[in-house]
2 protein chains.
Amino acid sequence: MAEQPDYYVKSAEKTLAVLLAFDAAHPLLTVTQVAEAISVSRAAARRFLLTLVDLGYLEADGNAFRQTPRVLDIGASYLSGLTLPQVARPHLQALAAELSETTALCVLDDQDILYVERVSAPRMHSMNVSIGNRLPAWATSMGRVLVAELPAAAREEFLSNARLTHYTAKTVASIDELRAELDTVRAQGWSLVAQELDEGLRGLAVPVYRGAQLLGALNVSVQPGRIGSTSITDEMVPLMRRVAQDIADDFGGRTAAGN
Amino acid sequence: MAEQPDYYVKSAEKTLAVLLAFDAAHPLLTVTQVAEAISVSRAAARRFLLTLVDLGYLEADGNAFRQTPRVLDIGASYLSGLTLPQVARPHLQALAAELSETTALCVLDDQDILYVERVSAPRMHSMNVSIGNRLPAWATSMGRVLVAELPAAAREEFLSNARLTHYTAKTVASIDELRAELDTVRAQGWSLVAQELDEGLRGLAVPVYRGAQLLGALNVSVQPGRIGSTSITDEMVPLMRRVAQDIADDFGGRTAAGN
DNA sequence: GATCGTTGTGCGCATAGCGTACAGTTGTAC
DNA sequence: GTACAACTGTACGCTATGCGCACAACGATC
């Protein structure tokens, strides 16, 4: 870990750490569990937990704690601002309706893609990702687009930190293989990833550019039957590029007007 | 304000306050603006802001700050746990598909309803609410269901704190009128609110009960043509009650199994 | 140049938050 | 039953943490 500058407020870090200690696998935590999870004394963990209960972000259940819906407040302002997800939503809805497929918009955050907006096709159940969820960037279509478009140095840095996991039989096997795939993605301007993260998961993604600035990646799920057919390159990719452009234009216009 | 207990960690409160200072109307804030917004010294605000930048929740833009997508992490664990939204999602999707209407699930938080899950019908644009957003409970169908089902004392407390705003010509005018409406809602077990919050907004809601425990409220948008017709009471309400029951059953089963 | 409203930064001080320590509770083993 | 282990909540003195004053530098507007 790097040196902490002298302006650093340690309690802020702890506050967030306490809130993040709760996840899908650990929705209910006791004082001791939190203390261990974030490496602070039990007394400290208790102080923070009780404070967060007071503030309404946690609730006590016996001598364990769980999050309340109020934690959504913290991210809500991001989703409602003049930000990318807000701008993209109607476009994703229209695209989802036209293709009858689930659509999503992600940004890159370190080694992960982060879902900032998602519109699911009614019939599909697919993967149960919600806004704010993370998936490993290297194993997803959106992630590969986002990494492929990175400057060379950043791309290599990403690759050197990447930890490949062999999710399915089709998962890319090595860093070199992944690097080659990224080159292809960059050259063609889209990425198709089929069943590399999960057997039932196939995604097609294109970058969303506003001028030279990479805003995010746009994704649609893809029917198995379409894989290998020309409809992907001939129909879906052009359509998605048009939507990506629309989002970028909207984003620029509104953010310029806003504030 | 009440006395703060001696276990209280003020920095935790400030950390959250800083993050919440950013909202849709103020996505970009300077040190001074934040200091004023949350009533702390400029130096303190600066320390917290810089710390949050270090942690990756904020980013600097000139000498202003804005939230990064990472703020979504904090709520993501709630959405992904064995919690209500996660359980309800497939049911909302199915209902949205069947009715071709936007569906949503809310819980009550103080005077507001809080969206914990939402599935929009493809063609609809409707209101741009996202997960985590709040609306005044008294003016919405879900809010009225949730308040109507409250114990009498809590209901009166809600009414005494309610601050009615005259949003449209159809908005309920007085607390007494609202109380009468709540009695009707409780008696019939559903609420229809048309154009009281916004001209284009009509919602129908039913409670989601697991045994005696009120989990939340289920909502669908309603076409103008259907208002007043028998299809609401004869078709939509029964269908929604069935879905609400399915969600409640699922929720009980999974949470009992989990952990 | 002068005034006002910003901005970032340094530093001594008070207190907020620390962790040790102790006491009460629960569950299991024997 | 006692003994033990692993929890729990609470108290209190100490120190490091975070406080806010004060200063300096910058950019407008007049």
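Residues numbered from 1 in each chain as written. Chains lettered and ligands numbered in written order. Predicted model: local features only at pLDDT ≥ 70, side-chain atom pairs only at ≥ 80, totals over all residues. Heavy atoms only, no water.

Colleague: Help me out: how do you make sense of the layout of surface pockets in this one?
Modeller: Gaps between atoms show up when a probe of the same size as a water molecule is rolled over them. Of the voids in this model, the largest pocket is the one considered here, and its volume is about 1100 Å³. Taken together, 37 residues make up the lining of the largest pocket; nearest its centre are Y78 and Q213 of chain A together with E59, R66 and P69 of chain B. Counting only elements with at least two residues in the lining of the largest pocket, the list comes to α4 (72–80), β4 (103–109), α7 (152–161), β9 (213–221) and α9 (231–257) of chain A together with β2 (58–61) and β3 (64–67) of chain B. The element that contributes the greatest number of residues to the lining of the largest pocket is β9 of chain A, accounting for four residues. Split by residue class, the lining of the largest pocket holds 15 nonpolar, 14 polar and eight charged. (1 Å grid on protein atoms, 1.4 Å probe; cavity = no way out; pocket = protein on both sides within 12 Å on 5 of 7 lines; lining within 4 Å. Points joined across faces, edges and corners; volume = space filled by probe spheres on them. Helix = DSSP H or I, 4+ residues; strand = E, 2+ residues; numbered from the N terminus. Nonpolar A, V, L, I, M, F, W, Y, C, P; charged D, E, K, R; others polar.)

Colleague: Looking at this model, I keep getting lost on the packing of α7 of chain A against helix α8 (residues 175–188) of chain A. Mind explaining?
Modeller: The relative placement of two packed helices comes down to the angle between their axes together with the axis-to-axis distance. Residues and elements named next belong to chain A. The geometry of α7 relative to α8 is characterised by a closest axis approach of 11 Å and an angle of 145° between their N-to-C directions. The hand of the α7/α8 crossing is right-handed. For the pair formed by α7 and α8, the contact residues are R155, E156 and L159 on the first element and I175, L178, R179, L182 and R186 on the second. Considered class by class, the residues forming the contact of α7 with α8 number four nonpolar, no polar and four charged. (Axes fitted to C-alpha atoms, helices over the stretch in contact; angles between N-to-C directions. Left-handed = near helix turned anticlockwise from the far one by under 90°. Contact = heavy atoms within 4.5 Å.)

Colleague: Could you clarify how one ought to interpret empty space enclosed by the protein in this entry?
Modeller: Applying the stated criterion across every chain, the model contains three cavities of 30 Å³ or more. Volume-wise, the largest cavity comes out at about 270 Å³. Lining the largest cavity are 18 residues, with E117 and R118 of chain A together with E117, R118 and I131 of chain B positioned closest to its centre. Within the residue set of the lining of the largest cavity, elements represented by two or more residues are α5 (84–99) and β5 (112–119) of chain A together with α5 (84–99) and β5 (112–119) of chain B. A per-class count over the lining of the largest cavity returns six nonpolar, six polar and six charged. In this model, the second largest cavity occupies a volume close to 80 Å³. Lining the second largest cavity we find L72, G75, A76, L79, I131 and G132 of chain A together with L72, G75, A76, L79, I131 and G132 of chain B. Of all the secondary-structure elements, those providing two or more residues to the lining of the second largest cavity are α4 of chain A together with α4 (72–80) of chain B.

Colleague: What's the story with helix α1 (residues 10–21) of chain A in this structure? I'm lost.
Modeller: Because an α-helix packs 3.6 residues into every turn, residues spaced three or four apart end up facing the same way. The end-to-end C-alpha distance of α1 of chain A, which contains twelve residues, comes to 16 Å, matching closely the 16 Å that a straight helix rising 1.5 Å per residue would cover. Three or more residues of α1 of chain A are buried, namely S11, A12, T15, L16, V18, L19 and A21 of chain A. (Expected span 1.5 Å × (residues − 1). Buried < 20%, exposed > 50% of the residue type's maximum accessible area, 1.4 Å probe, protein only.)

Colleague: Explanation requested: the protein's contact with DNA strand C in the structure shown.
Modeller: Neighbouring residues of DNA strand C: 16 residues in total, closest K14 and S41 of chain A together with S11, T32 and R46 of chain B. Sugar and phosphate atoms represent 56% of those atoms of DNA strand C found within 4 Å of the protein. One of the side-chain N or O atoms of S41 of chain A is found 2.9 Å from a phosphate oxygen in DNA strand C. At 3.0 Å from a phosphate oxygen of DNA strand C is found a side-chain nitrogen or oxygen belonging to R47 of chain A. Listing elements by their share of the surface near DNA strand C, those giving two or more residues are α3 (42–55) of chain A together with α1 (10–21), α2 (31–38) and α3 (42–55) of chain B. A per-class count over the surface near DNA strand C returns six nonpolar, five polar and five charged. (Near = heavy atom within 4 Å. Polar contact = N/O pair within 3.5 Å; in protein donor to acceptor, adjacent residues only side chain to side chain.)

Colleague: I'm lost on the interface of chain B and chain A in this one. Help?
Modeller: By a frequent convention, interface size equals the accessible area lost on bringing the separate parts together. Contact residues are listed per partner, giving 63 residues for chain B and 63 residues for chain A. Sorting the residues of chain B by area buried against chain A places Y7, L72 and I74 of chain B first, and these three jointly supply 11% of that buried surface. Counting across the chain B and chain A interface gives six salt bridges. A salt bridge links R70 of chain B to D110 of chain A; the shortest N-O distance between them is 3.1 Å. For the pair chain B and chain A, the interface holds 20 residue pairs in polar contact (both at pLDDT 80 or more). Each residue belonging to the side of chain B that touches chain A can be placed in one class, and the counts come to 34 nonpolar, 19 polar and ten charged. (Buried area = accessible area lost by both parts, 1.4 Å probe. Salt bridge = Lys/Arg side-chain N within 4 Å of Asp/Glu carboxyl O.)

Colleague: Looking at this structure, I do not really get the domain arrangement of chain A. What am I missing?
Modeller: Taken domain by domain, chain A holds domain 1 (10–72) and domain 2 (81–257). Once you take the C-alpha centre of each, domain 1 of chain A and domain 2 of chain A turn out to be 33 Å apart. (Domains from an automatic or database assignment.)

Colleague: What exactly am I supposed to notice about the packing of α4 of chain A against α5 of chain A here?
Modeller: Between α4 of chain A and α5 of chain A, whose axes approach to 5 Å, the crossing angle comes to 65°. Here Y78, L79 and S80 of chain A of α4 of chain A lie close against α5 of chain A, whose contacting residues are P85, Q86 and R89 of chain A.

Colleague: Just to check I follow, could you spell out the relation of the copies chain B and chain A for this structure?
Modeller: Both copies of the chain are placed relative to one another by a rotation about an axis and a shift along it. Superposing chain B onto chain A takes a rotation of 180° combined with a translation of 0.0 Å along the rotation axis, leaving an RMSD of 0.0 Å. Here the copies are linked by what is in effect a two-fold axis. With an isologous cut-off of 70% or more, the 100% of interface residues of chain B that recur at the interface of chain A puts this contact in the isologous class. (Least-squares fit on C-alpha atoms with pLDDT ≥ 70 in both.)

Colleague: For this particular structure, what's the right way to read the protein's contact with DNA strand D?
Modeller: Around DNA strand D lies a shell of 16 residues, among which T32, R42 and R46 of chain A together with K14 and S41 of chain B are the nearest. When the atoms of DNA strand D within 4 Å of the protein are sorted by group, sugar and phosphate make up 58%. One nitrogen or oxygen atom from the side chain of T30 of chain A is found 3.4 Å from a phosphate oxygen belonging to DNA strand D. Within the residue set of the surface near DNA strand D, elements represented by two or more residues are α1, α2 (31–38) and α3 of chain A together with α3 of chain B. For the surface near DNA strand D, the element with the most residues is α3 of chain B, which contributes four residues.

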